[in-house]
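The primary structure of each chain is shown beneath.
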There are 2 protein chains.
Amino acid sequence: MDIKKLINAAQEKAMPDLVLKNGTVLNVFTGELLQQDVAIAEGYIVGTGSYSGKNEVDISGKYIVPGFINAHLHVESSMVTPLSYSLEELRHGTTTVITDPHEIVNVGGAEALADILDSAERNPIDYYVMLPSCVPATPFEHSGAVLDADSLKAFKNNPHVLGLGEMMNTVGVLNNDISVTDKLESFSDMIIDGHAPSMTGKSLNAYVCAGIKTDHESTTYEEAVEKLRCGLAVLVREGSASKNLEAIITGIVKNNIDTSKLAFCTDDKHLADIRKEGTISHNIRKAIALGLPVLRAYQMATINAARIYGLKNTGAIACGYKADLVVLDDLEKVTIAEVYKGGTAIENIELPKQKEYAPPASDIDPRRSVNCAPLLKNAFHIPEKKSYDVIGIIKNQIVTEHLTMTHDEVMAGLKDGSVRKIAVIERHHATGCFACAYIKGYCLKHGAVATTTAHDSHNIIIIGDNDSDMFAAVKELKRINGGYVIISDGKAIGSLQLELGGLMSTKPSEVFIAELDDVIKKAYEAGVDPDIDPFITLSFMALPVIPKLRITDCGLFDVEQFCFLDE
Amino acid sequence: MDIKKLINAAQEKAMPDLVLKNGTVLNVFTGELLQQDVAIAEGYIVGTGSYSGKNEVDISGKYIVPGFINAHLHVESSMVTPLSYSLEELRHGTTTVITDPHEIVNVGGAEALADILDSAERNPIDYYVMLPSCVPATPFEHSGAVLDADSLKAFKNNPHVLGLGEMMNTVGVLNNDISVTDKLESFSDMIIDGHAPSMTGKSLNAYVCAGIKTDHESTTYEEAVEKLRCGLAVLVREGSASKNLEAIITGIVKNNIDTSKLAFCTDDKHLADIRKEGTISHNIRKAIALGLPVLRAYQMATINAARIYGLKNTGAIACGYKADLVVLDDLEKVTIAEVYKGGTAIENIELPKQKEYAPPASDIDPRRSVNCAPLLKNAFHIPEKKSYDVIGIIKNQIVTEHLTMTHDEVMAGLKDGSVRKIAVIERHHATGCFACAYIKGYCLKHGAVATTTAHDSHNIIIIGDNDSDMFAAVKELKRINGGYVIISDGKAIGSLQLELGGLMSTKPSEVFIAELDDVIKKAYEAGVDPDIDPFITLSFMALPVIPKLRITDCGLFDVEQFCFLDE
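Details of the overall build of chain A
Stage number 1. A tally of helices and strands in chain A yields 17 helices and 27 strands.
Stage number 2. Here the C-alpha radius of gyration of chain A, 25 Å, is about what a compact globule of 567 residues would show, namely 24 Å.
Stage number 3. The principal-axis extents of the C-alpha atoms in chain A amount to approximately 85 × 55 × 45 Å.
Stage number 4. Split into buried and exposed, the 567 residues of chain A put 64% on the buried side.
Stage number 5. Long-range contacts, defined as pairs at least 24 residues apart, comprise 68% of the intrachain contacts of chain A with a sequence gap of at least 6.

Structure, rendered in structure tokens:
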């Protein structure tokens, strides 16, 4: 930014590049709606008032608000590249994203992180990164990489890095585990994101004393307000699965709570949901509908997030601020007429060159995807026992049951389709780590369903009714370099390539959404229970921090006892 | 800060050092008043709720609010040392000050700045410094030092430095003067304070585009709200001379303007006024009385200022925040019962060792004070002319009149006491620069009044009715190493030593206030008009940026024509 040019354009000593004329500007600092022109030069706002410009756009009758900030999200949940994801956000008015790439970094480690930061440089939106604090998420599984405090510190000075990503190891924080405090102390001069679902009282106080500044896990008003009182910024989440906005905002409005430490985020939102309803635009709309004053809702979406994360010259329509602007037909309904990023209407933004079906120059390369050891012939054989510990899927929920079934019950289940085998295969370093067990409630008729997306270590996870199709599924995942597959009688009847780390596709969103719909449809046709998401539910079966029974590449894990089950 | 100790104390794994029990806590984040204990360890707040501590203080029936932040001030206006000044602030609940030492730096340059920063290290309150941007303030006078961008940049990494001090060279900003933009660009990653009295419209837009973030010069609501809209933080000033709070806050309340970019400051406030009414405590009290909601007033005094200046862990009663606390008997009247800095009650704070009447170890040393060239015998002789340009003092105002008086009128004035001689003598580098003229309205009966405090270059300024007493005044100022003097028939009948740079006294406040009162009393006894402050009015006669006629060591300056008068 050349301040001399801004200073001249502000005084009309040089003509501004663009003037948006006669709109109604929402000033997030004063809380006023003001009929003003907005003058832009060099990608920055140089003044409001009455201006003439090289280009002028009349927006009489419309509103202008600052571009939105999505304060916390994982791009990997969209399964497309950072670039493709960002373009989706941009269409819905988001001009700044604060991302935590902990999925892809669990796969690709520091190299993937460097690639993400490199691509951020060429991303048309402001793409910030919180460095993943918990890679691996737990010691009960093998991820692709281990990132300690020193590996993370190497990235501190990157201009896209705002701090340390969500600290999920709450036990480690409260017990002063050295590996955790090392990380916290290394980032005490930056923002540290929290992740403290249901934490309360003195534990919460201690967690905040550790230097943690934000939390996005509140599901109730009471949880949110306790966190605010402690000093945490509360990021109100409305994603595909976790929808916390109504509970929190209703309480905030009812109790007349100050909103200056509240912002909006999506955390995990799928592409189809984004296309349907937007991201932060949806949060604003919903919050206003729940009675939050219009100004407060837009402040949460803009300047509040900027303040919480220390972003300069972002989040307001004011002099010297980035010309990140959303033009609206309706302020309360957040109906978007146009979006400007750095003073350029989004349809005119030049994108980094990207070929369909090939990794774009601006994104991470697929250097690692499926690298598992050869499987033994009897890999999927489960020795006969009197009784088995069985994972019980609960419809529409992420928690599972810990079932104990007799041999006869399991055999009957295998026959009627209610019980299937589930296996996790380490896929990063060909360690040969492997586990296989029974699962109830998935309801696949015949064949195997498999994916390389399996939280948080992202090993291969497979469900099947016969060993041969399970072998074929692993083979197919290797062939396509990661993704989703459905196998029947040795043939791939459905397949979705996620060649970037086995998590993301390089295809354009349109193509990708169609392929995703197709593979999900095929899974249901193969008999998966219609109340279960065939791949997302599967991908959570390996997450050893959510009750009650899970499977990792190291074995069956009892989350309540916090240990593996004996063989 | 050892976060491990805080984490343990928060969970009562180790006992907190101090617990303030049963008070009512003002939470500036949620806006709530909550009955809670406040637990403190290692000087930080570790939790609110129900706690036991090594020490417990019952404050039932009282309120606890965060320590106040004075967002902009010049310590030199108090004429005591930074340490003495800070102790005055502390008694009135201020635990953080953001200072601009531009008076002393105009005298002592980079060395004085280094001394101030060194003493900040040992100051019991949080003493932050904005680096003086305009030394000298104007090119029309000789100050003790010239600080360019490079000299300032050398101080950027000092932990007490928050950025660049008030940019008074508004013309230089708007015209992209290279010496100004050099400074602005050097500090674009930090806070830059503004100083833009009455600036409006496109000039204001340009000024803000230059990267300036604050302004404390608004005198009306309209001026303040325009600056807020542009993106400036507005520091609402209530000092000894400039009292802007009522005008601004009345408008803010009436128009329901968001207060998140508003904070409080005093700019220049004298010790006697501080003793009488406090500093930021007075601003809060007055704002509440004008109808500002209690929460908003306290936010302005605490968290808002912290956000504006990027201060971390300050300005709130929350986990991991500094235990800077004010205990109040009454929230609206701001009646202070106790002040804690870093968890220590102020009466228990250990001070840096300081002897009465000697420069304290913690403060700047008096290496420079009065260093003027020998005066010629006819120094105060004004050649006879038909008519003279005469400075006209206006009672109770800082602006002056530009009078033209005939020889006879001047002679009559000298006789009846309405006209006296005024002289400015360069005192930093013995350059010999010198100017003498007539002034009307000061009304000294007989003798000479002189001071080394003369804004902003702080040369010697003298008013007298006879040359011999004027010579004696210079001699006396040299002898006492700077200060205020009153001479009659060659004898010092009043004298106040300001041995730190000729601006500040190292004496304790109690002693100093008595001496100041005495010298002012003596000045009035010597005949100075009772509607004029004998020394402060005199000290502004050399400031060549305030209309209409001024005198510097380079001559009589016509502020409206912005040039010196021809001899």
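Having seen the structure, we can now continue with the description.
Details of the packing of aromatic side chains
Stage number 1. In this structure the tally under the stated criterion is 22 aromatic pairs over all chains.
Stage number 2. Where B:F380 meets B:F471, the ring centres are 4.9 Å apart and the plane angle is 75°; that geometry is what we call edge-to-face. Of this pair, B:F380 sits in the loop between β16 (344-345) and β17 (387-393) while B:F471 sits in helix α15 (residues 467-480); the two residues are 91 residues apart in sequence, bridging distant segments of the chain.
Stage number 3. On the basis of relative accessible area, B:F471 is assigned to the partly exposed category, the value being 27%.
Stage number 4. An aromatic cluster is defined as three or more aromatic residues linked by ring pairs; in this entry it consists of A:F140, A:F557, A:F562 and A:F564.
Stage number 5. Positioned over the ring face of B:F29 is A:K261, at 4.3 Å from the centre of the ring.

Some points on the sheet that holds strand β25 (residues 549-552) of chain A
The strands making up a sheet associate through backbone hydrogen bonding, with each pair oriented either parallel or antiparallel.
Stage number 1. Read across the sheet, three strands follow the order β25-β26-β27 (chain A) without closing on themselves; strand pairing throughout is antiparallel. Looking along the sheet, the strands with just one partner apiece sit at the ends: β25 and β27 (563-564) of chain A.

Considering helix α14 (residues 407-416) of chain A
Residue and element names in this part refer to chain A.
Stage number 1. When α14 is considered as a whole, its buried residues turn out to be H407, V410 and G413. Down the axis of α14, the buried side of the element spans an arc of 125°, and every buried residue falls inside it. Exposed side of α14, more than 90 degrees from the buried face: D408, K415 and D416 are the residues found there.
Stage number 2. Where α14 is buried, its residues meet β17 (387-393), β18 (400-406), β19 (419-425) and β20 (434-440).

Examining the sheet that holds β19(A)
Residues and elements named next belong to chain A.
Stage number 1. Strand order in the open sheet formed by eight strands is β18-β17-β20-β19-β22-β21-β23-β24, with mixed pairing between adjacent strands. Looking at which strands have only one partner, the edges of the open sheet turn out to be β18 and β24 (491-497). The average undirected angle you get between the axes of adjacent strands in this sheet is 25°.
Stage number 2. Pairing geometry for β19 and β20, over seven bridges, is antiparallel. Residue pairing in the sheet places I422 in a bridge with A437 of β20.
Stage number 3. The sheet contacts of α14 involve β17, β18, β19 and β20, and relative to β18 the element is tilted by about 110°.
Stage number 4. The sheet strands contacting helix α16 (residues 509-525) are β23 (483-488) and β24, and the helix crosses β24 at an angle near 145°.

Let's talk about the side chain of B:E166
Residue and element names in this part refer to chain B.
Stage number 1. With respect to the secondary-structure elements, E166 resides in strand β9 (residues 161-167).
Stage number 2. A polar contact of 3.0 Å, which involves the side chain of E166, links it to the side chain of H216.
Stage number 3. In this structure, E166 is in contact with H72, H74, D100, H102, S133, C134, D193, G194, H195, H216, E217 and D267, ignoring residues within four places of it in sequence.

Notes on the interface of chain B and chain A
Accessible area lost upon the coming together of the parts is a frequently used measure of interface size.
Stage number 1. Contact residues are listed per partner, giving 58 residues for chain B and 57 residues for chain A.
Stage number 2. Overall, the association of chain B and chain A removes approximately 4,600 Å² of surface from exposure, summing both partners, and the carbon and sulfur fraction of that is 51%.
Stage number 3. When the buried area of chain B at its contact with chain A is split by residue, B:K202, B:C209 and B:R229 rank highest and sum to 15% of it.
Stage number 4. Between the two partners, chain B and chain A, sit eight salt bridges.

Digging into the pairing of strand β26 (residues 555-558) of chain B
Residues and elements named next belong to chain B.
Stage number 1. Judged from the four bridges that link them, strand β25 (residues 549-552) and β26 form a sheet pairing that is antiparallel. Pairing of L549 across the sheet is with D558, part of β26.
Stage number 2. With antiparallel pairing between neighbouring strands as the criterion, β25 and β26 make up a hairpin whose turn holds two residues.
Stage number 3. Pairing analysis gives two bridges linking β26 to strand β27 (residues 563-564), with the strands arranged antiparallel. Across the sheet, residue D558 finds its bridge partner in β27, namely C563.
Stage number 4. The antiparallel pairing of β26 with β27 creates a hairpin that spans four residues between the two strands, and F562 there sits at a positive phi of about 55°.

Describing the relation of the copies chain B and chain A
Stage number 1. You can overlay chain B on chain A at an RMSD of 0.1 Å; the transform is a turn of 180° with a shift of 0.0 Å along its axis. Taken together, the turn and the small shift mark the pair as related by a two-fold rotation axis.
Stage number 2. A shared binding surface is used by both copies, with 98% of the interface residues of chain B retained as interface residues in chain A.

Some details on helix α1 (residues 3-10) of chain B
Stage number 1. When α1(B) is considered as a whole, its buried residues turn out to be B:I3, B:L6, B:I7, B:A9 and B:A10. Along the axis of α1(B), the buried residues cluster in a sector spanning 170°; they form a single face.
Stage number 2. The elements touched by buried residues of α1(B) are α5 (170-174), α6 (178-186) and α7 (201-209) of chain A together with β2 (32-41) and β3 (44-49) of chain B.
Stage number 3. Of the residues one or two after α1(B), B:E12 is the one with positive phi, at around 60°.

What about the pattern of salt bridges?
Stage number 1. Counted according to the given criterion, the structure contains 60 salt bridges over all chains.
Stage number 2. Notably, a salt bridge pairs A:D329 with A:K62, separated by 2.8 Å at the nearest N-O pair. Of this pair, A:D329 sits in strand β14 (residues 325-330) while A:K62 sits in the loop between β4 (55-58) and β5 (63-66), placing them 267 residues apart in sequence.
Stage number 3. Between B:K4 and A:E185 there is a salt bridge whose closest N-O contact spans 3.5 Å. On the criterion of chain membership, the pair formed by B:K4 in helix α1 and A:E185 in helix α6 is interchain, its members lying in two chains.

Quick look at the packing of helix α11 (residues 280-289) of chain B against helix α12 (residues 294-301) of chain B
Residues and elements named next belong to chain B.
Stage number 1. Between α11 and α12, the least distance of the axes is 9 Å, while the angle of their chain directions is 155°. By the angle class used here, α11 and α12 are roughly antiparallel. For the pair α11 and α12, the crossing hand works out as right-handed. In this structure, α11 uses I280, I284, A287 and I288 to contact α12, whose residues at the interface are V294, A297, Y298 and A301.

Cut-offs and rules
- Residues numbered from 1 in each chain as written.
- Chains lettered and ligands numbered in written order.
- Predicted model: local features only at pLDDT ≥ 70, side-chain atom pairs only at ≥ 80, totals over all residues.
- Heavy atoms only, no water.
- Helix = DSSP H or I, 4+ residues; strand = E, 2+ residues; numbered from the N terminus.
- Rg over C-alpha atoms; globule rule 2.2 N^0.38 Å.
- Buried < 20%, exposed > 50% of the residue type's maximum accessible area, 1.4 Å probe, protein only.
- Contact = heavy atoms within 4.5 Å.
- Phe/Tyr/Trp six-rings, centres within 6.5 Å; stacked < 30°, edge-to-face > 60°.
- Lys NZ or Arg CZ within 6 Å of the ring centre and 35° of its normal.
- Pairing = 2+ DSSP bridges.
- Arc of directions from axis to C-beta.
- Axes fitted to C-alpha atoms, helices over the stretch in contact; angles between N-to-C directions.
- Polar contact = N/O pair within 3.5 Å; in protein donor to acceptor, adjacent residues only side chain to side chain.
- Buried area = accessible area lost by both parts, 1.4 Å probe.
- Salt bridge = Lys/Arg side-chain N within 4 Å of Asp/Glu carboxyl O.
- Least-squares fit on C-alpha atoms with pLDDT ≥ 70 in both.
- Parallel < 35°, antiparallel > 145°, perpendicular 65-115°, else oblique.
- Left-handed = near helix turned anticlockwise from the far one by under 90°.

The values reported here are purely geometric and, on their own, carry no functional implication.
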